[in-house]
Amino acid sequence: MCGIVACIGKRRAAPILLDGLKKLEYRGYDSAGIAVSEGGAVVLARRKGAVSQLEFARAYPGTMGIGHTRWATHGAPCERNAHPQTCGRIFLVHNGILENAAALKKECREQGEVFASDTDTEVAAHLIDRYFREGGDLLHAVWSACRQLVGSYAFAVIAEGREEIVCARRHSPLVVAKGDGEAYAASDLGAVAGAGRTACVMEDGEFARLTQEGIALFDADLASVVRDFFPAGEEAAAPEKGTFRHFMRKEIAQVPLAVENTLSGLQNQDISKLIEVLCQTKYLHVVACGTAYHSGLCFKYAAEKLSRVPTEVFLASEYRYADPVLPDHTLTIAVSQSGETADTLAAGQLAGERGSPVVAVTNVEHCSLNRIADFVVPTCAGQEVAVAATKSFNAQLAALYYLAVALARGRGMRAPSLAGLPVLTHEALLAGEGVAAWTPYFTVARSAFFLGRGADRCAAIEGSLKLKEISYLPSEGYAAGELKHGTLALVDARTPVVAVVCDETLADKTMNAVHEVYARGAPVFLVTPFEELARSEQVTASVLIPRCEPAFSPMLSVIPLQLLAYHVALALGRDPDKPRNLAKSVTVE
Ligand code: M6R
């Protein structure tokens, strides 16, 4: 995924780049680097590890530079694979994947060129260097190189001896911004926003030249384009942990606020046109990845139960290559916290091309997904820093349940109110702290299971993802009734099982699975509103959450599971905010 930043102006570039990179670290954090130009000469600083490893470079002189924080795709995370990558007088940072890098490298090597890294990016530096030496114009050199590249990229490129930054965008996000005598580029608006600045999100295929005088934009044929710049306001204060040890724990504590803000935001927004389209819809499709996919599963359960409209949920990465069938009157809902997930974007685009209106449910105002959608439903979770999605999941549920209720009522059916959910999530949060006591069973475990039926299964799957993502403990979220068809073979005394039982009509059935795993020696933990179940002799420990409409219960039952993952990760010495191998925003395939 990676985050890139670039700046040119009157102030020293190094501190601007480092502060910008810190805001982009959610995109990757295995290595980082900056290149700063002073008097025509470029100084490079690269380190393995987080952006903080580059603090020594903060004092570098020079008012123009580029920076990068990496999530490795090609080549191990190490200093020589960190960006900026360089060749000759060219230095560049890249977010994306160059799919024909191997073929291009082979061709370069045949001409005697030598590569210093294992990255796909370095080949772009070689191509740009070649064209730059031939023609001497940096913009034209970048454009010529891009014509040879297959894949995705957001580039920021500088050259020794030149006072300009050239950017290019294709299938990776890139925002440019300008202020008084300065210009910026970055992977997201947060890294370039500032008092008195205006910004513009570059379109796919566009190029930009940044100088102290301003920003010139060009289309794919290098014809000049004029775009509107919007106010990029005061720099949003970077979120802080406050009294919490980790962002993840703070963000779980913010779940009730995220739910309340999302619901009140929707009540105060005119979404009548969307509701009109929704109510004419015969089929609902959801495309999403990871946690957002799980919120889609929860939505399917609620939407079908309340409105009887057939709802399908697709993994966006599968959907985009599956030649999906979209019957007439299908509405597609693309769910994404970041609004930048490459697979979700591509799936939303495909649905639109096949005639479906697209609704984006996103947590970031100026994201790419909102720009391709016909309707935008914002979740108001506030910025989420921890890689593990927590409050954004609950905010997605709030938004999706809102749509499910509106749809049911629009079709003349009764649907329960969502008004009590913020208070109930608060109560679930207080009760959920009890899971800290379960931790010892998980730190010695070989693997774990999360079981449920119906909507409870959706919560179980999300709880399982949380646990494996930040504790690295193998874990599976499973349909309680399916366990006995093979998977039960994995269960023994070192396999803690968490059962989510919130639907009274299915409780006895799920408890059958509890009996089965208990009989194999597994310690059993319950998340339920039903006291009598919590007292069952098979149950090692339980958390009692408030009762609510079963279709909405994942909103509450997931909270103890988020807390469980957090406590287990801490007990195992993991960093819950920055799990290994992951990044917050997945802008590559
Ligand atoms: O930004 P998105 O919601 O599109 O991200 C989708 C997934 O990458 C994301 O939910 C991921 O699964 C989370 N890290 C899980 O906690």
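In what follows, the structure referred to is the one given above.
Residues numbered from 1 in each chain as written. Predicted model: local features only at pLDDT ≥ 70, side-chain atom pairs only at ≥ 80, totals over all residues. Heavy atoms only, no water.

The next thing to look at is the sheet that holds strand β20 (residues 375–378). Judged by pairing direction, the sheet is parallel, and its 5 strands sit side by side in the order β17-β16-β18-β19-β20 without closing on themselves. Both outer strands of the open sheet, β17 (311–315) and β20, are each paired with one neighbouring strand and no more. Within the sheet, the average angular offset between the axes of one strand and its neighbour, ignoring direction, is 20 degrees. (Pairing = 2+ DSSP bridges. Helix = DSSP H or I, 4+ residues; strand = E, 2+ residues; numbered from the N terminus. Axes fitted to C-alpha atoms, helices over the stretch in contact; angles between N-to-C directions.)

Here the focus is unusual backbone geometry. With an omega of 0 degrees, the peptide bond between H83 and P84 qualifies as cis. With a phi close to 60 degrees, H171 is a non-glycine residue in the positive phi region. Given a relative accessible area of 45%, H171 falls into the partly exposed group. Unlike most non-glycine residues, N581 shows phi in positive territory, near 70 degrees. Considering the arrangement of structural elements, one finds N581 in the segment after α18 (554–571). When its relative accessible area of 60% is taken as the criterion, N581 is described as exposed. (Buried < 20%, exposed > 50% of the residue type's maximum accessible area, 1.4 Å probe, protein only.)

For the rest of this paragraph, the subject is the sheet that holds strand β22 (residues 475–479). On the basis of which strands lie adjacent, the open sheet formed by 5 strands has the order β22-β21-β23-β24-β25 and parallel pairing. Two strands lie at the open edges of the sheet, namely β22 and β25 (541–544), each paired on one side alone. Neighbouring strand axes in the sheet, compared pairwise and without regard to direction, differ in orientation by 15 degrees on average. Where strand β21 (residues 448–452) meets strand β23 (residues 497–500), 3 bridges bridge the pair, whose relative direction is parallel. Among the inter-strand pairings, L451 is bridged to a residue of β23, identified as A499. Most of the contacts of helix α16 (residues 504–519) go to strand β24 (residues 524–528), to which it runs at about 165 degrees, and overall it touches β21, β23 and β24. (Contact = heavy atoms within 4.5 Å.)

Near the ligand there are 14 residues, and of these S336, Q337, S338, T341 and E469 occur at the shortest range. Separating an oxygen atom of the ligand from a side-chain N or O atom of S336 is a distance of 2.6 Å. Within the side chain of K466, a nitrogen or oxygen atom sits 2.9 Å from an oxygen atom of the ligand. The fraction of the free accessible surface of the ligand (410 Å²) that becomes covered by protein chains is 90%. Breaking the shell around the ligand down by element, the ones donating at least two residues are α8 (290–307) and α15 (455–471). A per-element tally of the shell around the ligand places α8 first, with 3 residues. (Near = heavy atom within 4 Å. Polar contact = N/O pair within 3.5 Å; in protein donor to acceptor, adjacent residues only side chain to side chain. Areas by Shrake-Rupley, 256 points an atom, 1.4 Å probe, with all protein chains shown as cover.)

Most of strand β10 (residues 182–186) sits out of view: 5 of its 5 residues are buried. A two-sided burial pattern is seen for β10, the buried positions comprising E182, Y184 and A186 on one face and A183 and A185 on the other. Pairing geometry for strand β1 (residues 3–8) and β10, over 4 bridges, is antiparallel. By the bridge assignment for β10, V5 is matched with A186. Across 5 bridges, the pairing between strand β9 (residues 175–179) and β10 is antiparallel.

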